[in-house]
Amino acid sequence: MSSFVRPDDRVTEEPEPDDAPAPATASPPLAAVLRRGVLGSLQAAAASALVLEAGTLGLFLPRWFKDLFFDSGAFYLDTLVLWVVIGFLWAVIGRLAWSIAVVLTTSVVVALANLVKMQYREEPVYPSDRDFLSEPGFLASLVSPVLLVVAALLVVGIFVGAVRLAVRIERRHPRPRLRTLAREHVLLMLGLRVGVGVLTGVLLVQAAQFNHPGNMWRGLYELRGNDWRYWNQKTNYRSNGFLGGFLFNMPVDAMKQPKGYDEAAMADVAHRYAALADRINAHRKGSLDDVNVVLVLSESFTDPTELDGFELGRDPIPRTRARMASTASGHMLAQMYGGGTANMEFETLTGQSLGLFRPQMLSPYQMLVPEHDDYPSAVGWFHGQGHDVIAVHPYRVGMYKREQVYQRFGFDDFIHDTTIHETDTIDDNAYISDEAAFDEVLTQIDDHEKPLMVNLVTMQNHIPVDGNYADPVPVSGAGGGEGRRIGQYARGLEHTDEALADFLDKLEKGPEKTIVLFYGDHLPGIYDSSVKHDNKGLALYRTPFFIWSNQPGQNVPRAIPTTSPAFFLPLLYDVADAPVPPYLAMLDAVHQHVSAIQQGRLLDASGEPVKEAELDATTRQLLDDMRLVQFDFSIGQRFALDAMWPGAVS
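The structure displayed is predicted, hence computed values, not measured ones.

> An account of the pattern of salt bridges is needed here, citing residue identities and associated values.
Applying the stated criterion across every chain yields a total of 26 salt bridges. Measuring nitrogen to oxygen at the nearest pair gives 2.9 Å for the salt bridge that ties Arg-229 to Asp-227. Residue classification places Arg-229 among the buried positions, given a relative accessible area of 15%. The class of Asp-227 is partly exposed, set by a relative accessible area of 25%. Note that Glu-612 is salt-bridged to Arg-627, the shortest N-O span being 3.1 Å. Here the residue Glu-612 occupies a position in the loop between β13 (609-610) and α22 (617-634), and Arg-627 occupies one in helix α22, the gap between them amounting to 15 residues. Under the relative-accessibility criterion, Glu-612 is labelled partly exposed at 36%. Residue Arg-627 is classed as partly exposed on the basis of its relative accessible area of 23%. The network of salt bridges with shared partners includes Asp-67, Arg-224, Asp-227 and Arg-229.

Take a look at the structure:
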């Protein structure tokens, strides 16, 4: 352990040059070493905690400063956790100064990453974000090269400074050398390291199990009561400390087992919704058996004309707006601002709601689906109905573990950035264009004899948008970098609007029956605080969607209340007038009472916010049934799967 002793605590010796190594006989008093080590490591832990709290920006806001230091005391618990980490590192490597350097440098890196993520996605760093470390190119693309260089230089500077400080401390306060200590002191030091290692190791294992019942760390953070703000994770981190919020999001079972869950209960649920499906299907005259089903998640596709705080020189999506007016359309409720693509895709393909999982289930693609050998989805369902099932995503396969997830869902083929036929981009935009992605879908339809189910996730409008196009849309009311970003983003939307219209025109003129679900996944993280401030409520969480068919009589204008993507499949079947399995009948019944579900938020049948306690008995029963089925399909025994969604696991 590095010593933190005063010069007068050391043995008086002959003067030596400043850069000379400490003589082998120099052994500071052990008690002074331990005292200085405890105090120094605690100070370093507090400094690291301050850095992390600063990374949430809560440290600079009076409300959260008061919460951190006085009301919740979360800062002191964060300090305690970091002190345990420093102690564990010392026990392992035996160099306290180096352990402090590692923790302080890591804190700076994490705090910087948190600032960047909050800017673009309005959410902090999560434990599950470690998966993105395997995609450094994608992470680097999210920020400007200048910011990346500045951040790298800052991190290197902090690390070099921490190392120099560690060397200076060890030179001024040399570590006790075992060969110079009395035998009993040697045994004491070795025993202390083993003891600290075991104790801190146990405490860190406890921290990793933060969400287990009776967890010690969670109990400490909840001394003031359960105040986890899971519906707004940025606020959660500011109120409960960075580490408190981070630990709250450690892995946990996707759902708590609903009351009454067993085989008999699921048989009853399956029976009731089989009867409902029969009643619905008695009036349905259409079919999807010979129809191509195309699900299009359009990256960051929104309607910026709906936002306050700026004006565009022209409407960037006139063709899409006209198409929406002619068929079933509305707004999707996005899970978050600036991100959440894979979660919206998950809800669409599975009919399962993120709002019914535990709040720590931040990304089912990363945390849930890969843990299973297979997973119920529309992919298996359509495959069982005679469709070939194709996934198209013109980007890297590693993002959100899509390669593993698509295998679990049962896709026949996954077409990505290196296998797509066209890789055209537009101007200086680095991402494959939407036109190329739509052309890939047309190619797949032409090449397959069987009807297709295609799940397309585009990339063209992904951030960054700076400097993508030579002719951005004019913007007024938003200046500087924000205005330039909005103009560039709007120009990308125009390209999507044109490509989508051309795609649908070709399908309309083509020989094959096709139905298309088109939806945007979230708003882009390009808006500054002034625009965010001007758009309260759901404005920053609504994206356009529509369902269109090339079959005569199916495109009937219909305004659908703001909805969650978990309800897209029954809406698509409704437009096609096609018979539904019991599972989709259940989702349809829920949607008629609750149009959207999020963590901490429900929208009623008209799309207005409502509290669960205010729901009538029928709606509460429907939600309870949906919870039972979602638990059964996700981490339960799948008692009702074959009866309610036959073939959903291929």
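> I'd like to hear about unusual backbone geometry, residue by residue, with values.
Residue Pro-464 follows Ile-463 across a cis peptide bond; omega there is 5 degrees. Looking at where Pro-464 falls in the secondary structure, it is placed in the loop between β6 (452-457) and β7 (475-476). Positive phi, close to 55 degrees, is recorded for Tyr-400, a residue that is not glycine. With respect to the element layout, Tyr-400 can be found in the loop between β4 (388-392) and α16 (402-409).

> Describe a nonpolar patch on the surface, and please don't skip the residues or the numbers.
The grouping of Val-38, Leu-42, Leu-80 and Trp-83 at the surface amounts to a nonpolar patch, some 290 Å² of accessible area in total. Secondary-structure elements contributing two or more residues to the nonpolar patch are α1 (30-55) and α3 (74-93). With respect to the helices and strands, the residue Leu-80 is situated in helix α3. Overall, Leu-80 belongs to the partly exposed group, its relative accessible area being 30%.

> Before we move on, can you summarise the packing of aromatic side chains with the specific residues and values?
Following the criterion strictly, the structure yields 30 aromatic pairs and no others. An angle of 80 degrees between the planes, with centres 5.3 Å apart, marks the rings of Tyr-237 and Phe-242 as edge-to-face. The residues Tyr-237 and Phe-242 share a single accessibility class, namely buried. An aromatic cluster of three or more residues is present, and its members are Phe-346, Phe-357, Tyr-365, Tyr-375 and Phe-409. Directly above the ring of Tyr-541 sits Arg-601, whose terminal nitrogen or CZ lies 6.0 Å from the centroid.

> Describe in detail the sheet that holds β13, supporting the description with residues and values.
The strand order across the open sheet built from 3 strands is β11-β12-β13, with neighbouring strands paired in antiparallel fashion. Of all the strands in the sheet, the pair left with one neighbour each is β11 (594-598) and β13. By the bridge criterion, 4 bridges tie β11 to strand β12 (residues 601-604) in an arrangement that is antiparallel. Looking at the pairing, Gln-598 lines up with Arg-601 of β12.

> Tell me about the packing of helix α11 (residues 263-281) against α22, and name the residues and values.
Between α11 and α22, whose axes approach to 11 Å, the crossing angle comes to 120 degrees. Our pair here, α11 against α22, has a crossing hand that is left-handed. Contacts between α11 and α22 involve Met-266, Val-269, Arg-272 and Tyr-273 from the former and Gln-621, Leu-622, Asp-625, Leu-628, Val-629 and Asp-632 from the latter. Looking at the contact of α11 with α22, its residues break down into 6 nonpolar, 1 polar and 3 charged.

What counts and what doesn't
Residues numbered from 1 in each chain as written. Predicted model: local features only at pLDDT ≥ 70, side-chain atom pairs only at ≥ 80, totals over all residues. Heavy atoms only, no water. Salt bridge = Lys/Arg side-chain N within 4 Å of Asp/Glu carboxyl O. Buried < 20%, exposed > 50% of the residue type's maximum accessible area, 1.4 Å probe, protein only. Helix = DSSP H or I, 4+ residues; strand = E, 2+ residues; numbered from the N terminus. Patch = residues over 30% accessible without salt bridge, like charges linked within 9 Å, V, L, I, M, F, W, Y side chains within 5 Å. Areas by Shrake-Rupley, 256 points an atom, 1.4 Å probe, with all protein chains shown as cover. Phe/Tyr/Trp six-rings, centres within 6.5 Å; stacked < 30°, edge-to-face > 60°. Lys NZ or Arg CZ within 6 Å of the ring centre and 35° of its normal. Pairing = 2+ DSSP bridges. Axes fitted to C-alpha atoms, helices over the stretch in contact; angles between N-to-C directions. Left-handed = near helix turned anticlockwise from the far one by under 90°. Contact = heavy atoms within 4.5 Å. Nonpolar A, V, L, I, M, F, W, Y, C, P; charged D, E, K, R; others polar.

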